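Residues per chain are reported as follows:
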Amino acid sequence: MSPRHVYDAIVLGGGPAGLSAALMLGRSRRSTLVLDAARPRNRFASHMHGVLGNEGVDPATLLERGRAEIASHGVEYQLAAAHEVTGAAHGLEVILEGAALSTRALVLATGARDQLPHINGLAERWGHTVLHCPYCHGWEVRDQRLGVLITSPLQAHLPFLLRQLSDRVAVFASNASALDASTRARLEAREITVIDAGLTSLEGPARVLEYATTSAGERVPLDALFAGGTVSPHDAMLAGLDLERDESPSGSFLTIDQTGKTSHPRIWAAGNVVTPHANVPMSMGAGTMAGAAVNATLAEEDADASHARHTHR
Ligand SMILES: Cc1cc2nc3c(=O)[nH]c(=O)nc-3n(C[C@H](O)[C@H](O)[C@H](O)COP(=O)(O)OP(=O)(O)OC[C@H]3O[C@@H](n4cnc5c(N)ncnc54)[C@H](O)[C@@H]3O)c2cc1C
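Residues numbered from 1 in each chain as written. Predicted model: local features only at pLDDT ≥ 70, side-chain atom pairs only at ≥ 80, totals over all residues.

1. Examining the overall build of the chain
1) Next: Counting secondary structure elements, the chain contains six helices and 19 strands.
2) Next: Projected onto its principal axes, the C-alpha positions of the chain cover 80 × 35 × 35 Å.
3) Next: When the 313 residues of the chain are sorted by exposure, 39% land in the buried category.
4) Next: The contacts of the chain with a sequence gap of at least 6 include a subset with a gap of at least 24, amounting to 61%. (Helix = DSSP H or I, 4+ residues; strand = E, 2+ residues; numbered from the N terminus. Buried ≥ 20, exposed ≤ 12 C-beta atoms within 10 Å, placed from the backbone. Contact = placed C-beta atoms within 7 Å.)

Printed below as a string of structure tokens:
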């Protein structure tokens, strides 16, 4: 029986973070496999912004280019979801439907899932006229009638960012305790309207937004609504390894150091799976760093192994 192939690195996730990690590994001549379920977080948007050199590009086009670039450096790409990662004598084993793959190191770049607020008409407008980030899509709706749905104090800074883009900003505070007295006074000073009601529906033809209906029955004309949901990382496949986590008001995420290394010596993580607020360039930067850190770690390990063999002889 031939010995089982052991990859130098397996990258879980083929979004901006995972492909950037894979590019560093491929350029270092590391045998690398990317496993990708191919459902990137921004797949709902047809244009990507704030990504230097790629302003307005379709996010799918960026990933297509990335896949071609990693392929040209010998990296394998497979459309598949990893179910579990376990420890093994050579390093790690990645379990997927009908297969188990061996690797010396792993980069987790599986992104995160947005659980959107349950409001009629919101999900189908996500990435079009319902937006989550002023840096990604704010410029495109500048000077328009902007709504901001605030469900928690963590979002209270958002209206002030949007006021920079339009002087017609209305805040919908579905949860009265989300805005304290001082924030309300500052909103008023910036001439931002506060409506103390949640939203029941968004209305307009197809994905266009014309107005929002509040829980008090009011119709508020709007061109775009900024709203966020709960964000949860795709990291359940590592649950059995019991890695360290950071608990914060934004959720529970794996603990990493500046290179993306987790508390496991062979596992790194990059992108939205550990930093949900990171946009595409930030995720690419983190993936690049993680890929380089994996190569550096393996290079030290290779040198140690060669040295041990040399000394033994
Ligand atoms: C609507 C919307 C619009 C956005 N617009 C912009 C924008 O204009 N500009 C910008 O800079 N940022 C934008 N963002 C943010 C952007 O989506 C993220 O910064 C980026 O996707 C993070 O990259 P990532 O590689 O960490 O994760 P992702 O891009 O989400 O990629 C993760 C990949 O891992 C795969 N995966 C998940 N689980 C597994 C598994 N078990 N096994 C294998 N693969 C798995 C996923 O299917 C996916 O393909 C937007 C976000 C949203 C929600």
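After that view of the structure, there is still more to cover.
2. Digging into helix H2 (residues 59-71)
1) Next: Look at H2: 19 Å from first C-alpha to last across 13 residues, which is about the 18 Å you get at 1.5 Å a residue.
2) Next: Along H2, the positions that sit buried rather than exposed are Pro59, Leu62, Leu63, Gly66 and Ile70. End-on view of H2: buried residues confined to an arc of 95 degrees, all on one side of the axis. Opposite the buried face of H2, by more than 90 degrees, sit the exposed residues Thr61, Glu64, Arg65 and Ala68.
3) Next: Residues of H2 that are buried in the fold lie against helix H1 (16-27), strand S2 (32-36) and strand S3 (76-79). (Expected span 1.5 Å × (residues − 1). Arc of directions from axis to C-beta.)

3. A short note on the site of the ligand
1) Next: The environment of the ligand is made up of 39 residues, and the closest members are Gly13, Gly15, Asn42, Gly111 and Gly271.
2) Next: Elements with a contribution of two residues or more to the shell around the ligand: H1, S2 and helix H6 (280-312).
3) Next: Examining the composition of the shell around the ligand, we find that three residues originate from one element, H1, more than from any other.
4) Next: Tallied by class, residues from the shell around the ligand come to 19 nonpolar, 16 polar and four charged.
5) Next: Domain assignment of the residues forming the shell around the ligand places at least three in each of domain 1 (6-114 + 230-312) and domain 2 (117-226). (Near = placed C-beta within 6 Å. Nonpolar A, V, L, I, M, F, W, Y, C, P; charged D, E, K, R; others polar. Domains from an automatic or database assignment.)

4. A closer look at the environment of Asp223
1) Next: The topology assignment puts Asp223 in the loop between strand S14 (219-221) and strand S15 (224-226).
2) Next: Between the C-alpha atoms of Asp223 and Glu210, which are 13 residues apart in sequence, the distance is 5.9 Å.
3) Next: Excluding anything up to four places from it in sequence, Asp223 contacts Val141, Gln144, Arg145, Leu146 and Leu209.

5. Some remarks on the sheet that holds S15
Across a sheet, paired strands are connected by hydrogen bonds in the backbone, their directions being either parallel or antiparallel.
1) Next: One open sheet holds the five strands; their spatial order is S8-S15-S9-S10-S11, and the pairing between them is parallel. With one partner strand each, in any of the chains shown, strand S8 (130-131) and strand S11 (193-195) form the two edges of the open sheet.
2) Next: When strand S10 (residues 169-173) meets S11, the two strands line up parallel, connected through three bridges. Considered in S11, the bridge of Phe172 is made with Ile195. (Pairing = 2+ DSSP bridges.)

6. Focus on the sheet that holds strand S12 (residues 199-203)
1) Next: Across the sheet, three strands lie side by side as S12-S13-S14; this open sheet has antiparallel pairing. Taken across any chain shown, the strands that pair with only one partner, and hence form the sheet edges, are S12 and S14. When the angles between neighbouring strand axes are averaged without regard to direction, this sheet yields 25 degrees.
2) Next: As paired elements, S12 and strand S13 (residues 211-214) share four bridges and run antiparallel to each other. Paired with Glu203 across the strands is Tyr211, a residue of S13. (Axes fitted to C-alpha atoms, helices over the stretch in contact; angles between N-to-C directions.)

7. Brief notes about H6
1) Next: In this model, H6 (33 residues) spans 48 Å end to end at C-alpha, consistent with the 48 Å of a helix rising 1.5 Å per residue.
2) Next: If you check which residues of H6 are buried, you get Val280, Ser283, Met284, Ala286, Gly287, Met289, Ala290, Gly291, Ala293, Val294 and Asn295.

8. Concerning the pairing of strand S4 (residues 82-88)
1) Next: Pairing geometry for S4 and strand S5 (residues 91-96), over six bridges, is antiparallel. Across the sheet, Ala88 pairs through a bridge with Gly91, a residue of S5.
2) Next: Linking S4 back to S5 in an antiparallel pair, the connection comprises two residues.

9. Considerations on the domain arrangement of the chain
1) Next: In terms of domain boundaries, the chain breaks down into domain 1 (6-114 + 230-312) and domain 2 (117-226).
2) Next: Each of domain 1 and domain 2 was reduced to a C-alpha centroid, and the two centroids are 34 Å apart.
3) Next: At the junction of the two partners, domain 1 supplies eight residues and domain 2 supplies eight residues.
4) Next: The class makeup of the residues in the side of domain 1 that touches domain 2 is three nonpolar, five polar and no charged.

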